[in-house]
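If you want the building blocks of each chain, they are given just below.
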Amino acid sequence: DDEVRVFESKLMDETLELYNDSVAMRRKAEKELAVKTHLDDFVTGYEGSLREVRAELGDLARDVGESTLRLSTAISPALELKDTIERTLVAGLEGLDARIANLEWRGADRAAIAWEKTQDARENFRA
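Calculation rules
Residues numbered from 1 in each chain as written. Predicted model: local features only at pLDDT ≥ 70, side-chain atom pairs only at ≥ 80, totals over all residues. Heavy atoms only, no water. Helix = DSSP H or I, 4+ residues; strand = E, 2+ residues; numbered from the N terminus. Rg over C-alpha atoms; globule rule 2.2 N^0.38 Å. Buried < 20%, exposed > 50% of the residue type's maximum accessible area, 1.4 Å probe, protein only. Lys, Arg positive; Asp, Glu negative; His and termini not counted. Charge placed at Lys NZ, Arg CZ, Asp CG, Glu CD. Patch = residues over 30% accessible without salt bridge, like charges linked within 9 Å, V, L, I, M, F, W, Y side chains within 5 Å. Areas by Shrake-Rupley, 256 points an atom, 1.4 Å probe, with all protein chains shown as cover. Salt bridge = Lys/Arg side-chain N within 4 Å of Asp/Glu carboxyl O.

Looking only at helices and strands, one finds one helix and zero strands in the chain. Taking 14 Å as the expected radius of gyration for a compact globule of 127 residues, we find that the chain reaches 52 Å, considerably beyond that expectation. Each of the three principal axes of the chain carries a C-alpha extent, and together these read 170 × 40 × 15 Å. A buried classification covers 2% of the 127 residues belonging to the chain. Charged side chains in the chain number 19 positive and 28 negative. The centres of these two groups are separated by 12 Å.

Before going further, it helps to examine a nonpolar patch on the surface. Taken together, the side chains of F42, V43, Y46 and L50 make up a nonpolar region of the molecular surface, amounting to roughly 400 Å² of accessible area. By the element assignment, V43 lies in helix α1 (residues 2-126).

Within the secondary structure, Y19 sits in helix α1. For Y19, a relative accessible area of 52% gives the class exposed.

The structure is reproduced here in structure tokens:
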């Protein structure tokens, strides 16, 4: 009788200990699962946001490419005209250099003639 009570008491204590351990493990698992579920929701939302950003970046890249193409198409005639203007300007400047050199020589000739006339006039005045 006494042995049976001691055995039942021991069995009851071990059963309660197992039950308490089981409840504690269940609570721990529930907490971890709650965190995991929360993290899963966060990661799913984050992945969705990344997909949206990636899609928007693709759209923006296409828009930039399209704008660049339109801009290059628009300025292409101006660039060709710029080359024509530069060639005309260079040709005009080359002609201008020759004219300036010619005018310098003419100016020098006139100055030499004027100097000679001035010297002749001085000599005639002295005489």
